[in-house]
Amino acid sequence: MLELDIRGVSGSIIGEENGLNIQEEFEKYRTKIAEIITDLYKKKDTAGEGLQWMNLAYSQETSWYVKEYAALVENRFDNILILGIGGSALGGIAVTHALLHPYWNMLSKEERNGFPRIFFLDNIDPDQINGLLDILDLRKTLVNVITKSGDTTETMAQYMIIKDRLEKELDDDYRKNIIVTTDKKTGILRQISEQEGYKTFVVPDDIGGRFSVFTAVGLLPFTLVGINIDEIIDGLKDIDQALRNPDINENIAAQNALVHYLLDTKYGKNITVMMPYSDKLKYVADWFIQLWAESLGKSSTIDGNMIHTGPTPIKAIGATDQHSQMQLFNEGPNNKIINFIRVGEFDTTVEIPQIFQYTGIGYLGGKTMNDLMNAEADSTQASLIDYSRPTITIKMPKINGYYIAQLLYMLEMQTAIAGALYNVNTFNNPSVEQTRNYTYALMGRVGYEESANAIKDKILSV
Ligand code: PA5
């Protein structure tokens, strides 16, 4: 099971003025936390609460559909291309990067056991799009357009470009190369899919993009590249069972939510650093950044009081960032909580050969890169403790589908509990919508003329 070590936020380790009396705080918040957890589980089936992601471990339907489709298209495509942005892309990027070979797309088809390469287009940079089109044979590419709303500008623009190219290359057959993941009823893409006859998959109601990785948004691409989604679902079930426990002493998501909340509100530690000591987990940090920022960055409480709250998440990678951001983490403002993600056992081992006797490097010979990674994480934590900086460690026994599901789900629950502690609406994102609407206005979408007039004076680039 995934583990959490919060000893590094304890006042007895980093000093009373920076750290918490953990047992005392757990006691103080025992009832509140139990109420929050009970309430989340009570409301999870209620429409409009945004909590349907808490049921995904138990719904078999999506797994059946995606497996059935994957079997149907087996060996037909060399590439999968995902078009999507934000919550429609970040989970897929994080999990595929964690679970596939680090250089998956450069392996031969045999080395990939016949499974396709996978590409994510989650931006609109013209150079990136042209670059991708230079290398992709679209005729051998299955394009999965993912958008819950079905009208996100970036994704729809990408779709229009790719659809046009595909049609030119394949005539009427192009439809077989496009599949869509979107809302079951609403949105322009749903309408287009029906007209065009695309194969579609559903983003269920009451699951926001950033909580959607275990719907078809993630499970479909994972299955298409050969990731075992049963293992993912097993991990989800086990962690969900563990996180139902309303006792703060037993619930790691609640513990992590509470210590982040207290360190922010009591000591101003409002920057959450997500620092996996694994390159394979580096995009988990990006996924978490969206989850934490979009869920907790809110101007008002649920009761309408203006608060402008929310911790700022940032990404660091161990050991790389020890030679970059570490200087700031140690000696800059003491306003950060460093969250390590550590891996018990890497998939492989690399030995450092004993080829030099120089004292400066000879000590490395005979050790492994695995030893080195662990030593680097330990030494970073020790030096952060020297500077009285709070640290937390999430321990993943191995990087596999089972534990990656536990990690992501634990962070989702942590976010939901933190949202309740901050008393904000965790599941909306009005500012994302505002920018979305301004973009519609500037690009001339009918119905947004007023918005266009309203922002005219704020466009500083003209
Ligand atoms: O978390 C969210 O809801 C957002 O970040 C969305 O994922 C993002 O805006 C993309 O939206 P859509 O899936 O509708 O294209």
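Residues numbered from 1 in each chain as written. Predicted model: local features only at pLDDT ≥ 70, side-chain atom pairs only at ≥ 80, totals over all residues. Heavy atoms only, no water.

Bringing the overall build of the chain into the picture now. Helix and strand content of the chain: 17 helices and twelve strands. Taken over C-alpha atoms, the radius of gyration comes to 23 Å for the chain, in line with the 23 Å a tight globule of 462 residues would show. Here the C-alpha coordinates of the chain stretch approximately 70 × 65 × 50 Å along the principal axes. Taken over 462 residues, the chain has a buried fraction of 50%. Taking the intrachain contacts of the chain between residues at least 6 apart in sequence as the baseline, contacts between residues at least 24 apart amount to 76%. (Helix = DSSP H or I, 4+ residues; strand = E, 2+ residues; numbered from the N terminus. Rg over C-alpha atoms; globule rule 2.2 N^0.38 Å. Buried < 20%, exposed > 50% of the residue type's maximum accessible area, 1.4 Å probe, protein only. Contact = heavy atoms within 4.5 Å.)

Another aspect to go through is the site of the ligand. Around the ligand lies a shell of 15 residues, among which Ser88, Thr147, Ser149, Thr152 and Gln290 are the nearest. For the ligand, an oxygen atom lies 2.7 Å from a polar atom in the side chain of serine 149. With the chains in place, 91% of the 390 Å² that the ligand exposes on its own is no longer accessible. Secondary structure elements with two or more residues in the shell around the ligand: helix H11 (282–296) and helix H16 (430–442). Class assignment for the residues of the shell around the ligand results in two nonpolar, nine polar and four charged. (Near = heavy atom within 4 Å. Polar contact = N/O pair within 3.5 Å; in protein donor to acceptor, adjacent residues only side chain to side chain. Areas by Shrake-Rupley, 256 points an atom, 1.4 Å probe, with all protein chains shown as cover. Nonpolar A, V, L, I, M, F, W, Y, C, P; charged D, E, K, R; others polar.)

Okay, a nonpolar patch on the surface next. A cluster of nonpolar side chains, contributed by Ile355, Phe356, Tyr358 and Ile361, occupies part of the molecular surface with about 440 Å² of accessible area. Mapped onto the fold, phenylalanine 356 is located in the loop between strand S11 (336–345) and helix H13 (359–362). Accessibility expressed as a relative area gives 42% for phenylalanine 356, which makes it partly exposed. (Patch = residues over 30% accessible without salt bridge, like charges linked within 9 Å, V, L, I, M, F, W, Y side chains within 5 Å. Salt bridge = Lys/Arg side-chain N within 4 Å of Asp/Glu carboxyl O.)

Scanning the model with the defined rule gives 28 salt bridges in all. Between lysine 28 and glutamate 25 there is a salt bridge, and its shortest N-O distance comes to 3.5 Å. Pair noted here: lysine 28 and glutamate 25 are both in helix H2 (residues 22–43), with a separation of three residues, about one helical turn. A salt bridge links glutamate 167 to lysine 163, with the nearest nitrogen and oxygen atoms 2.9 Å apart. Highlighted residues: glutamate 167 and lysine 163, both in helix H6 (residues 153–170), separated by four residues, approximately one helical turn. Note on glutamate 167: relative accessible area 31%, which makes it partly exposed. Classification of lysine 163 by relative accessible area gives buried; the value is 19%.

What follows concerns the side chain of lysine 298. As for its placement among the helices and strands, lysine 298 is situated in strand S8 (residues 298–300). Although lysine 298 is buried, it makes no salt bridge; glutamate 294 carries the closest opposite charge, 7.7 Å away. Here asparagine 428 takes part through its backbone oxygen, which lies 2.9 Å from a polar atom of the side chain of lysine 298. If we skip the residues at most four places from it in the chain, lysine 298 touches Arg210, Ile307, His308, Thr309, Val424, Asn425, Thr426, Phe427 and Asn428. (Lys, Arg positive; Asp, Glu negative; His and termini not counted.)

In this section: the packing of aromatic side chains. Here the structure, examined in full by the defined rule, presents twelve aromatic pairs. Members of the aromatic cluster, connected to one another through ring pairs, are Trp53, Phe211, Tyr409 and Phe427. Sitting over the face of the ring of tyrosine 440, arginine 445 holds its NZ or CZ atom 4.2 Å from the ring centroid. (Phe/Tyr/Trp six-rings, centres within 6.5 Å; stacked < 30°, edge-to-face > 60°. Lys NZ or Arg CZ within 6 Å of the ring centre and 35° of its normal.)

This brings us to the packing of H2 against helix H10 (residues 252–267). Contact pair H2 / H10: the axes reach a minimum separation of 11 Å and the direction vectors enclose 120 degrees. Here H2 is positioned oblique relative to H10, judged by the angle of their axes. Considering the relative orientation of H2 and H10, their crossing is right-handed. Contact residues: H2 offers Glu25, Phe26, Lys28, Tyr29, Ile33 and Ile37, while H10 offers Ala254, Gln255, Leu258, Tyr261, Leu262 and Lys266. (Axes fitted to C-alpha atoms, helices over the stretch in contact; angles between N-to-C directions. Parallel < 35°, antiparallel > 145°, perpendicular 65-115°, else oblique. Left-handed = near helix turned anticlockwise from the far one by under 90°.)

As summarised here, the arrangement of the five strands in space is S3-S2-S4-S5-S6, forming an open sheet in which the pairing is parallel. Pairing within the sheet leaves two strands with one partner each, and these edge strands are strand S3 (117–121) and strand S6 (199–202). Looking at each pair of strands side by side, their axes are set apart by 20 degrees on average, direction ignored. Here strand S5 (residues 178–182) pairs with S6 via four bridges, running parallel. Bridging across to S6, isoleucine 179 finds its partner in lysine 199. Sheet strands touched by helix H5 (residues 126–135): strand S2 (79–83) and S3. Its angle to S3, the strand with the most contacts, is close to 160 degrees. (Pairing = 2+ DSSP bridges.)

The next point concerns unusual backbone geometry. Look at the link from glycine 318 to alanine 319: it is a cis peptide, with omega at 0 degrees. Phi is positive for asparagine 75, close to 70 degrees, though the residue is something other than glycine. Asparagine 75 sits in the exposed class, given a relative accessible area of 53%. Located in the positive-phi region is serine 388, a residue other than glycine, with phi close to 60 degrees.

A rise of 1.5 Å per residue sets the reference length of H11, with its 15 residues, at 21 Å; its end C-alpha atoms lie 22 Å apart and thus fit the reference within 8%. Within H11, the full set of buried residues consists of Val284, Ala285, Trp287, Phe288, Gln290, Leu291, Trp292, Ser295 and Leu296. (Expected span 1.5 Å × (residues − 1).)

This brings us to the nonpolar core. Ranked by size, the top nonpolar core spans 101 residues in total, and within it Trp53, Met413 and Ile417 carry the most contacts. Broken down by element, the residue count for this core peaks at 15 residues, all from helix H15 (residues 401–422). Counting only domains with at least three residues in this core, you end up with domain 1 (3–29 + 248–422) and domain 2 (52–232). In this view, tryptophan 53 contacts Asp206, Ile207, Phe211, Tyr409, Glu412, Met413, Ala416 and Phe427; residues no more than four positions away in its chain are not counted. (Core = buried A, V, L, I, M, F, W, Y, C linked by side-chain atoms within 4.5 Å. Domains from an automatic or database assignment.)

Between the first and last C-alpha of H6 there are 25 Å, a value that for 18 residues agrees with the 26 Å anticipated at 1.5 Å per step. Among the residues of H6, those classed as buried are Thr155, Met156, Gln158, Tyr159, Ile162, Lys163 and Leu166. Looking straight down H6, one finds its buried side chains confined to an arc of 155 degrees; they lie on one side. Facing away from the buried side of H6, by more than 90 degrees, are the exposed residues Met160 and Lys168. Aspartate 171 sits one or two positions beyond H6 and adopts a positive phi of about 50 degrees. (Arc of directions from axis to C-beta.)

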